[in-house]
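# Observations on the model geometry
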Amino acid sequence: MRSVSRIKVHGVFATNCYIIADGDSGRCMAIDPGFEGARIAESIRSKGLECDCIALTHGHFDHICGVVEVRGSFGCPVLAFRGSEYLADARLNLSADFGMKAEVRDPVWIDEGPLPGNWGMIEAIHTPGHTPDSTVFYDREGGVALVGDTIFKGSVGNWSYPGGNRGDLMRSIGRILSLPEDTVLLPGHSEPTTVGAEARRLRRFFRGRPCAHTSIGWQVSDHDISAESTCLSDACGHSCSI
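Throughout what follows, the structure given in this document is the object of discussion. (Residues numbered from 1 in each chain as written. Predicted model: local features only at pLDDT ≥ 70, side-chain atom pairs only at ≥ 80, totals over all residues. Heavy atoms only, no water.)

### Remarks on helix 4 (residues 195–202)
Here is the rule we go by: Three exposure classes are used, based on accessible area relative to the maximum for each residue type with a 1.4 Å probe and protein chains only: buried under 20%, partly exposed in between, and exposed over 50%. Strands here are runs of E lasting at least two residues and helices are runs of H or I lasting at least four, both read from the DSSP assignment and numbered beginning at the N terminus. For this quantity, the arc is that covered by the directions from the helix axis to the C-beta atoms.
For helix 4, the complete set of buried residues consists of V195, G196, E198, A199 and L202. One side of helix 4 carries all its buried residues, which in axial view fall inside an arc of 165 degrees.

Here it is as structure tokens:
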């Protein structure tokens with residue numbers, strides 16, 4: 001049986017790191033160890049688990065600064081969407097803005113579809129917009145999607161950072177809203193929400209119903225989210241309220 005737990009880590013921002021654990025095997029996967037990698041590793045070990053995989057929803061520094069310590073503790077691979085330039089570029093991953101140089105070396109590149117190795121039951125869904133490498137990790141059987149900074153409870157991802165794109169973001173949100181309504185969305189910042197709750201809130205920005213025959217999902221309407229939306233101060237500046 002799989003379970004998901006959150007470790008809220010603190011650095012420049014507060015970030016949600018998630019641990020997907022397989023209780024039968026004692027293995028786990030760490031999603032977005034943003035900061036405090038040693039504390040994350042200690043928490044994993046305190047539960048009697050062995051981390052055999054790290055997966056990144058995107059390459060911004062507040063999602064990768066703890067990777068080195070977690071990987072060093074367990075010797076596990078780091079999965080990231082193919083071709084991400086953010087893992088080696090302090091300007092793109094925003095760490096340079098804070099006098100840091102965050103990087104992740106030698107990732108294992110992934111594409112859309114089942115994850116490699118022991119985690120084939122988790123599906124990677126490419127959701128560009130906040131960044132070109134943004135990825136959702138979807139556990140269909142568990143009814144959970146780890147959505148990074150693409151969508152939040154009551155807000156959506158910021159498209160104004162290097163590589164961001166508003167149109168791509170809205171299309172990616174449409175794909176997320178095409179998942180079953182009771183799917184729990186676990187964002188990189190803020191609290192959990194569900195597809196149904198966010199679909200009801202965002203329906204004015206989309207037209208029609210989710211299409212089961214395309215990968216796009218809900219279609220973007222003529223309305224759009226204003227770039228002047230107010231940033232959520234309790235998140236990290238990565239999201240804009242509506």
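### Overview of the nonpolar core
Just so we agree on the cut-off: The nonpolar core is taken to be a set of buried Ala, Val, Leu, Ile, Met, Phe, Trp, Tyr and Cys residues, with the residues joined through side-chain atoms within 4.5 Å.
By size, the foremost hydrophobic cluster in this structure holds 28 residues, and its most contacted members are I19, I40, I44, C51, I54 and L56. Looking at this core, the elements that each hand over two or more residues are strand 1 (2–10), strand 2 (14–22), strand 3 (27–31), helix 1 (37–46), strand 4 (50–55), helix 2 (67–74) and strand 5 (78–81). Judged by nonpolar contacts, the second largest core, of 17 residues, contains I125, Y138, L169 and L177.

### Notes on the sheet that holds strand 9 (residues 135–139)
Put simply, the test is: Note: two strands are recorded as paired if DSSP finds a minimum of 2 bridges between them.
Taken in spatial order, the six strands of this open sheet run 7-8-9-10-13-14, and their pairing is mixed. Of all the strands in the sheet, just strand 7 (113–114) and strand 14 (193–194) have a single pairing partner and so form its edges. Relative to strand 14, strand 13 (residues 184–187) is paired through two bridges, and the arrangement is antiparallel. Residue L185 lies in a different strand from strand 14, and its bridge partner there is T193.

### Digging into the pairing of strand 1
Pairing geometry for strand 1 and strand 2, over nine bridges, is antiparallel. Bridge pairing links I7 to C17 in strand 2.

### As for a nonpolar patch on the surface
Put simply, the test is: Like-charged residues are merged into a patch within 9 Å and nonpolar side chains (Val, Leu, Ile, Met, Phe, Trp, Tyr) within 5 Å, provided each residue has over 30% relative accessible area and no salt bridge. Accessible surface is estimated by sampling points in the Shrake-Rupley manner with a 1.4 Å probe; for residues, cover comes only from the protein chains shown. Each reported salt bridge corresponds to a side-chain nitrogen of Lys or Arg within 4 Å of a carboxyl oxygen of Asp or Glu.
On the surface, V12, F98 and M100 cluster together into a nonpolar patch covering about 230 Å² of accessible area. Mapped onto the fold, M100 is located in the loop between strand 5 and strand 6 (108–110).

### Topic: helix 2
Let me state the cut-off plainly: Should any heavy atoms of two residues lie within 4.5 Å, those residues are considered in contact.
For helix 2, the complete set of buried residues consists of V67, V70 and F74. Considered in projection along helix 2, the buried side chains sweep an arc of 75 degrees and stay on one side of the axis. Facing away from the buried side of helix 2, by more than 90 degrees, are the exposed residues V68 and G72. Structurally, helix 2 contributes buried residues whose contacts are with helix 1, strand 4 and strand 5. Phi for G75, located one or two positions after helix 2, is positive at around 65 degrees.

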